[in-house]
Amino acid sequence: MELRSLFTRLATCALLTASVAANAAVITVDNTDAGFTSSGLNFSTYEPGYFGANYMADTRNSVGDFGMWDPTGDSDWVAGIWKVEMMWTSGNTRANNAAVTVDSGSSTASLVINQLLNGTVWNDLGEYSFDLSGASVMIDDSNSTSGQNIIADAVRFTFVSANPAAPTNVPAPGTVLVLLGAAAAVFRLRRK
Ligand SMILES: [Ca+2]
Ligand SMILES: [Ca+2]
């Protein structure tokens, strides 16, 4: 192989490696997407500032209502650590104690969020180590009393890194740089 061709191939490989290492996948699951399921919630556009076409609101005083966002059907979904953010529309009938459960596939984390505040922005719910399957975020009305409505709008998942213990076939950053260095050394030797 000519050195020029080798350099071209190595440069292409380096670019591909960089794009893999800098995986910045963002998956947003809206309440109208296939990854969303709910029970007992109604579509609404009453309060402005929602994500997409509308949001869903629990207007039943009885408990047992929920909304759930599942990102695993998205082609960008991989096992790993993902940042989770939630958007809702705030209003004076919102629950200040909405129960949120982050299911990582092998464990769950329970949160309580105040939807009276911070509407129309992405609210950081933390970073979680997710499995390839079974990942979801659920909001439910188990803490609500009469007049406290939970809102289900959109959840955004942003890839942070691979799970520490997960095997990976991605070349470690620097592998290609070592190869490039070796090729450059050969090139210099041939020119001498
Ligand atoms: Ca929405
Ligand atoms: Ca309810």
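Points about the sheet that holds strand E2 (residues 36–39)
Right, so step 1: Reading across from one edge, E2-E5-E10-E7-E8 is the order of the five strands in this open sheet, with antiparallel pairing throughout. What marks the edges here is a single partner per strand, and that holds for E2 and strand E8 (108–113). Recorded for the sheet is a direction-independent mean angle of 15° between the axes of neighbouring strands.

Some thoughts on the sheet that holds strand E4 (residues 55–57)
Right, so step 1: Here we have three strands laid out as an open sheet, ordered E3-E4-E11, and antiparallel in their pairing. The open sheet has two edge strands with one neighbour each: strand E3 (42–44) and strand E11 (151–152).
Right, so step 2: With two bridges joining them, E4 and E11 adopt antiparallel strand pairing. Following the sheet pairing, Met 56 is matched in E11 by Ala 152.

Notes on unusual backbone geometry
Right, so step 1: In this structure, Asn 118 takes a positive phi of about 60° despite not being glycine.
Right, so step 2: The topology assignment puts Asn 118 in the loop between E8 and strand E9 (123–130).
Right, so step 3: For Asn 118, a count of 14 C-beta atoms within 10 Å translates into the label partly exposed.
Right, so step 4: Of note, Thr 120 is a non-glycine position whose phi angle comes to about 70°, a positive value.
Right, so step 5: The residue Thr 120 is located in the loop between E8 and E9 in this model.
Right, so step 6: The exposure class assigned to Thr 120 is partly exposed, which follows from the 14 C-beta atoms found within 10 Å.

With respect to the pairing of strand E6 (residues 80–87)
Right, so step 1: Where E6 lies against E9, seven bridges are found, and the strand directions are antiparallel. In the sheet register, Gly 80 faces E9, and the bridge partner there is Phe 130.
Right, so step 2: Inspection of the sheet shows E6 paired to strand E12 (residues 154–161) by seven bridges, in the antiparallel sense. Residue Met 86 lies in a different strand from E12, and its bridge partner there is Val 155.

A word on the pairing of strand E7 (residues 98–103)
Right, so step 1: Where E7 meets E8, six bridges bridge the pair, whose relative direction is antiparallel. In the sheet register, Thr 101 faces E8, and the bridge partner there is Ser 110.
Right, so step 2: As paired elements, E7 and strand E10 (residues 136–140) share five bridges and run antiparallel to each other. What sits directly across from Val 100, in E10, is Ile 139.

Scoring rules and cut-offs
Residues numbered from 1 in each chain as written. Chains lettered and ligands numbered in written order. Predicted model: local features only at pLDDT ≥ 70, side-chain atom pairs only at ≥ 80, totals over all residues. Pairing = 2+ DSSP bridges. Helix = DSSP H or I, 4+ residues; strand = E, 2+ residues; numbered from the N terminus. Axes fitted to C-alpha atoms, helices over the stretch in contact; angles between N-to-C directions. Buried ≥ 20, exposed ≤ 12 C-beta atoms within 10 Å, placed from the backbone.

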